[in-house]
Amino acid sequence: MAEGQLNAKQIKALNSKAMLVGFKWMSRINTWAFRATDGRLGAKWRLGSKPVATPPPVGILTTIGRKSGEPRDSPLLYLREGDRIVVVASQGGRSTHPMWYLNLVANPKVKFQVRGETLQLTAREATDAERDEYWPKLDAMYPDFVDYRSYTERKIPIIFLDPA
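Numbers given to residues run from 1 along each chain, matching the order in which its sequence is written. Reporting in this predicted model follows two pLDDT cut-offs: at least 70 for local features of residues, and 80 or more for side-chain atom pairs to be given and counted; totals over whole chains, interfaces and linings ignore these cut-offs and use all residues. Calculation of side-chain values draws on the structure's entire complement of heavy atoms; hydrogens and water are dropped beforehand.

A.B. asks: In this structure, what is going on with the overall build of the protein chain? I would like to understand it.
C.D. replies: The secondary structure content of the protein chain amounts to 5 helices and 7 strands. Secondary structure follows DSSP: runs of H or I at least 4 residues long count as helices, runs of E at least 2 residues long count as strands, and numbering of each begins at the N terminus. Listing each helix as α and each strand as β along the protein chain from the N terminus yields α-α-β-β-β-β-α-β-β-α-α-β. Relative accessibility decides the category of a residue: with a 1.4 Å probe and only protein chains considered, values under 20% of the type maximum give buried, values over 50% give exposed, and everything between is partly exposed. Taken across its 164 residues, the protein chain has 41% of its residues classed as buried. Here, two residues are considered to be in contact whenever any of their heavy atoms come within 4.5 Å of each other. Pairs at least 24 residues apart make up 67% of the contacts formed inside the protein chain by residues separated by at least 6 positions. When the accessible area of the protein chain is evaluated, it comes to approximately 9200 Å², of which 57% is carbon and sulfur surface. Methods summary: accessible areas were calculated by the Shrake-Rupley approach with a probe of 1.4 Å, and residue burial reflects only the protein chains presented.

Quick look at the structure:
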């Protein structure tokens, strides 16, 4: 088995309810730390199976729940290019889309908090040509994205968040 690859048992565990609960609690803790310290804690992702020279940045995406109508916060790795924020709906390579992705499909008006600023943005999914352009940039930022794509059969969305 190649480095970073999971076997069938590990993929089943990745897609378990327990792992989903773990993701949810890690997200809540990261969001709390980020907000409590204005990004001094929780603004860099220091975990991952492959080392990177610079830990990727973390921001807080706020969507509106498609069922509840309530704000929902999700800490996400992001790539910033000028006024554009690029995020990936990888959910660690799970077989289902993250809830935040489903929420922004239903309502693309979002907020994204980075250290020192909160941006009002509109979300849209990358086209196939844009995906081809952005995967190398995203993989360079966080090499585990390569593995995440191998864990699932779903087409992991790349999302552009542009000024509203």
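From this point, things continue past the structure.
A.B. asks: Looking at this structure, how should I read the pairing of strand β2 (residues 71–77)?
C.D. replies: Any two strands between which DSSP finds at least two bridges are classified as paired. The pairing of strand β1 (residues 58–64) with β2 spans 7 bridges and is classified as antiparallel. Note on β2: the bridge partner recorded for Val58 is Leu77. As consecutive antiparallel partners, β1 and β2 are separated by 6 residues, and within that stretch Gly69 has a phi angle of approximately 75 degrees, a positive value.

A.B. asks: Teacher, can you tell me more about the pattern of salt bridges here?
C.D. replies: Opposite charge on two side chains permits them to pair, given that their charged atoms come into close proximity. Definition used for salt bridges: Asp or Glu carboxyl oxygen within 4 Å of a side-chain nitrogen of Lys or Arg. Per the stated rule, a full pass over the model turns up 8 salt bridges. Across the pair Arg35 and Asp73 runs a salt bridge whose closest N-O atoms are separated by 2.7 Å. Of this pair, Arg35 sits in helix α2 (residues 17–36) while Asp73 sits in strand β2; the two residues are 38 residues apart in sequence, bridging distant segments of the chain. Residue Arg35 is classed as partly exposed on the basis of its relative accessible area, which comes to 37%. Here Lys137 and Glu133 are joined by a salt bridge, their closest N and O atoms 3.5 Å apart. With Lys137 and Glu133 both in helix α4 (residues 128–141) and 4 residues apart, this pair spans about one turn of that helix. A residue is classified by how much of its surface remains accessible, and Lys137, at 32% relative accessible area, is partly exposed. Judged by its relative accessible area of 45%, Glu133 is partly exposed. If you follow the salt bridges from partner to partner, you end up with Glu81, Glu133 and Lys137 in one network.

A.B. asks: Looking at this structure, I do not really get the side chain of Thr31. What am I missing?
C.D. replies: Its location among the elements puts Thr31 in helix α2. Excluding residues that lie within four positions of it along the chain, Thr31 makes contacts with Ile60, Asp73 and Pro75.

Read these as spatial facts, not as claims about activity.
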